[in-house]
Amino acid sequence: QVQLVESGGGLVQPGGSLRLSCVASGGIFSIFFSMRTMAWYRQSPGEPREFVASMLSNGSTNYANSVKGRFTVSRDNAKKTVYLEMNSLKPEDTAIYYCNRFPKPTDSEYWGQGTQVTVSS
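As the structure is a computational prediction, the values presented were derived from the model and not from experiment.

A. Layout of the state of the cysteines. Inspection of the entire model under this criterion finds one disulfide. At a sulfur-sulfur separation of 1.6 Å, the disulfide partner of Cys22 is Cys99. Residue Cys22 is located in strand 3 (residues 18-25), and its partner Cys99 is located in strand 9 (residues 95-101); the two are separated by 77 residues in the primary sequence. One exposure class covers both Cys22 and Cys99, and it is buried.

B. Examining the environment of Gly26 more closely. Here Gly26 lies in the loop between strand 3 and helix 1 (27-31). The exposure class assigned to Gly26 is partly exposed, which follows from its relative accessible area of 30%. When neighbours within four sequence positions are excluded, Gly26 is seen to be in contact with Gln1 and Val2.

C. Quick peek at the pairing of strand 8 (residues 81-86). Most of strand 8 is tucked away: five of the six residues are buried. In terms of strand pairing, strand 3 meets strand 8 through six bridges, oriented antiparallel. Within strand 8, the position partnered with Arg19 by the bridge is Glu85. The pairing of strand 7 (residues 71-76) with strand 8 spans six bridges and is antiparallel. Directly across from Arg75, in strand 8, lies its bridge partner Val82. Taken together, strand 7 and the strand that follows it, strand 8, pair antiparallel across an intervening segment of four residues, in which Lys80 is found at a positive phi of about 50 degrees.

Cut-off values and rules
Residues numbered from 1 in each chain as written. Predicted model: local features only at pLDDT ≥ 70, side-chain atom pairs only at ≥ 80, totals over all residues. Heavy atoms only, no water. Disulfide = S-S within 2.5 Å. Helix = DSSP H or I, 4+ residues; strand = E, 2+ residues; numbered from the N terminus. Buried < 20%, exposed > 50% of the residue type's maximum accessible area, 1.4 Å probe, protein only. Contact = heavy atoms within 4.5 Å. Pairing = 2+ DSSP bridges.

See below:
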């Protein structure tokens, strides 16, 4: 059974930076990790989970307009880990951040516990 463990969140002031990590383990999902398009999503209270960034197995990346130029997604297939480097953080980036496959799974499918990012002075 797949397990996705996100970490690296915290409280940061506007303009600050954080680096999130997500490690995949277990199940067929992790066996074929290197072949999967992986993505980061985020969810604010009362809002649906939204796409943030994705990275294909060939290294190509895609970003939501709201984070383009500030966030960078990367991956280490040997470690089955995907990262999200977040710079110039804004209060509107406050959310719980999740990683998962792309396209986005439904809410009834597996999601990890996420990691809370709070941007506040």
